[in-house]
Amino acid sequence: MRALQSHQPGGPETLTINEVDAPEVGKGELLLDVKACAINFPDALIIQDLYQMRPQRPFAPGSEVAGIVEAVGEGVTDYAPGDRVIAGIGFGGLVEKITVPAAAVYRLPEQFSFEEGASLLMTYGTSIHALKDRGHIKAGETLLVLGAAGGVGLAAVELGKAYGARVVAAVSSEEKAEMAKASGADATVIYERQPFDKAQSKALSQQFKEAVGPNGADIIYDAVGGDYSEPAVRSIAWEGRFLVVGFPAGIAKLPLNLTLLKSCDVCGVFWGAFTAREPKRNAENIAELFDLWKQGKISPKISEIFSFEDAPKAIAKLADRKALGKLVVKI
């Protein structure tokens with residue numbers, strides 16, 4: 001079978017497609033014929049040894065897949081060959097076949113495509129965990145989403161609306177603002193590219209304050225970091241919740257006096273660790289996502305589908321922050 005592999009630390013250009021042996025299904029596992037693999041920001045980090053985990057090389061990036069069950073391992077009774085499924089796997093998804101623990105798999109309803117299925121778990125799983133478990137979102141609250149046109153950002157916009165919040169989407173272009181509005185955002189803020197000097201930072205903070213209103217943002221969903229985080233915190237409401245989701249623009253440094261002045265919480269959101277530590281709560285969240293999807297309240301936004309051979313281009317486009325919504329590789 002073919003696998004897109006990383007043999008040395010580096011950018012997407014270092015990845016190569018190689019012929020490797022197909023894996024054998026083990027106890028408690030499923031062997032999947034992979035049909036689609038979604039691309040996420042960790043894929044750009046893990047191949048550079050910049051992510052939380054460093055797999056032994058060679059390895060394939062790709063953290064969420066959709067496919068068809070080809071074989072079931074000993075002890076697996078809930079699935080059978082031919083079942084359509086999705087799975088979150090951490091890495092290893094840009095391959096033609098993969099073995100995954102049956103506990104990490106969810107059935108994919110017939111009405112949804114493999115490309116859509118591969119786009120659900122990481123973005124919506126992260127965002128439902130962020131807003132519900134860490135942000136304790138309530139109807140009527142104001143939610144400010146930074147990076148609102150990316151995969152997790154659009155998921156946060158949709159889920160915010162599904163939970164009855166007023167959603168302000170912060171993005172870097174008019175095109176991205178239109179996409180956020182189409183996903184339900186009530187208002188948008190278009191910010192400039194960093195770095196910011198003190199005056200620019202203050203101006204962005206004022207933009208945020210005007211957009212969220214005089215009472216501030218009850219929840220700030222920060223999937224960007226860098227110079228954007230501090231201006232956002234300055235727009236937070238009394239006892240607001242600032243959710244640290246990711247930092248493609250760099251790890252932010254916050255003046256902690258701001259948290260005192262606003263009596264606000266800074267909450268880390270590490271969905272991958274949450275899934276490992278609390279699988280039951282995560283499964284409940286995923287079940288809720290499927291219900292919202294069937295109701296039409298959420299829907300993965302795929303902007304581009306790449307061939308297997310062009311998978312490095314998909315990773316590069318995401319790393320350069322040029323992606324709108326989700327990028328998916330068709331295997």
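Just so we're clear, the structure is a prediction, and the values are computed from it rather than from any experiment. (Residues numbered from 1 in each chain as written. Predicted model: local features only at pLDDT ≥ 70, side-chain atom pairs only at ≥ 80, totals over all residues. Heavy atoms only, no water.)

(A) Quick look at the overall build of the chain. Across its full length, the chain holds 11 helices and 15 strands. Taken over C-alpha atoms, the radius of gyration comes to 20 Å for the chain, in line with the 20 Å a tight globule of 331 residues would show. Referenced to the eigenvectors of the C-alpha coordinate spread, the extents of the chain come out at roughly 60 × 40 × 35 Å. The 331 residues of the chain split such that 52% are buried. Partitioning the intrachain contacts of the chain with sequence separation of at least 6 by distance along the chain shows that 68% fall at a separation of at least 24. In the form shown here, the chain has an accessible surface area of approximately 14400 Å², with 51% of it arising from carbon and sulfur atoms. In the chain, which carries 35 positive and 41 negative side-chain charges, the distance between the mean positions of the two groups comes to 5 Å. (Helix = DSSP H or I, 4+ residues; strand = E, 2+ residues; numbered from the N terminus. Rg over C-alpha atoms; globule rule 2.2 N^0.38 Å. Buried < 20%, exposed > 50% of the residue type's maximum accessible area, 1.4 Å probe, protein only. Contact = heavy atoms within 4.5 Å. Areas by Shrake-Rupley, 256 points an atom, 1.4 Å probe, with all protein chains shown as cover. Lys, Arg positive; Asp, Glu negative; His and termini not counted. Charge placed at Lys NZ, Arg CZ, Asp CG, Glu CD.)

(B) Seen up close, the packing of helix 3 (residues 121-134) against helix 10 (residues 279-294). Between helix 3 and helix 10, whose axes approach to 10 Å, the crossing angle comes to 110°. With respect to helix 10, the axis of helix 3 lies roughly perpendicular. Residues L121, Y124, G125, I128, H129, K132 and D133 of helix 3 lie in contact with helix 10, whose contacting residues are R281, N285, I286, E288 and L289. Its residues assigned to classes, the contact of helix 3 with helix 10 shows 5 nonpolar, 3 polar and 4 charged. (Axes fitted to C-alpha atoms, helices over the stretch in contact; angles between N-to-C directions. Parallel < 35°, antiparallel > 145°, perpendicular 65-115°, else oblique. Nonpolar A, V, L, I, M, F, W, Y, C, P; charged D, E, K, R; others polar.)

(C) Fine view of the side chain of D49. By secondary structure assignment, the location of D49 is in the loop between helix 1 (41-46) and strand 4 (64-72). Assessed through its relative accessible area of 15%, D49 is described here as buried. D49 has contacts with P9, R54 and R57, leaving out every residue within four places of it along the chain.

(D) Main features of the pairing of strand 11 (residues 217-222). Within strand 11, 5 of the 6 residues are buried, which leaves it mostly tucked inside the rest of the structure. The pairing of strand 8 (residues 142-146) with strand 11 spans 4 bridges and is parallel. Note on strand 11: the bridge partner recorded for L143 is I219. (Pairing = 2+ DSSP bridges.)

(E) Region of the structure containing the state of the cysteines. Summed over the entire model, instances satisfying the criterion amount to 0 disulfides. Free cysteine C264: the closest other cysteine sulfur is in C267, separated by 9.0 Å. (Disulfide = S-S within 2.5 Å.)

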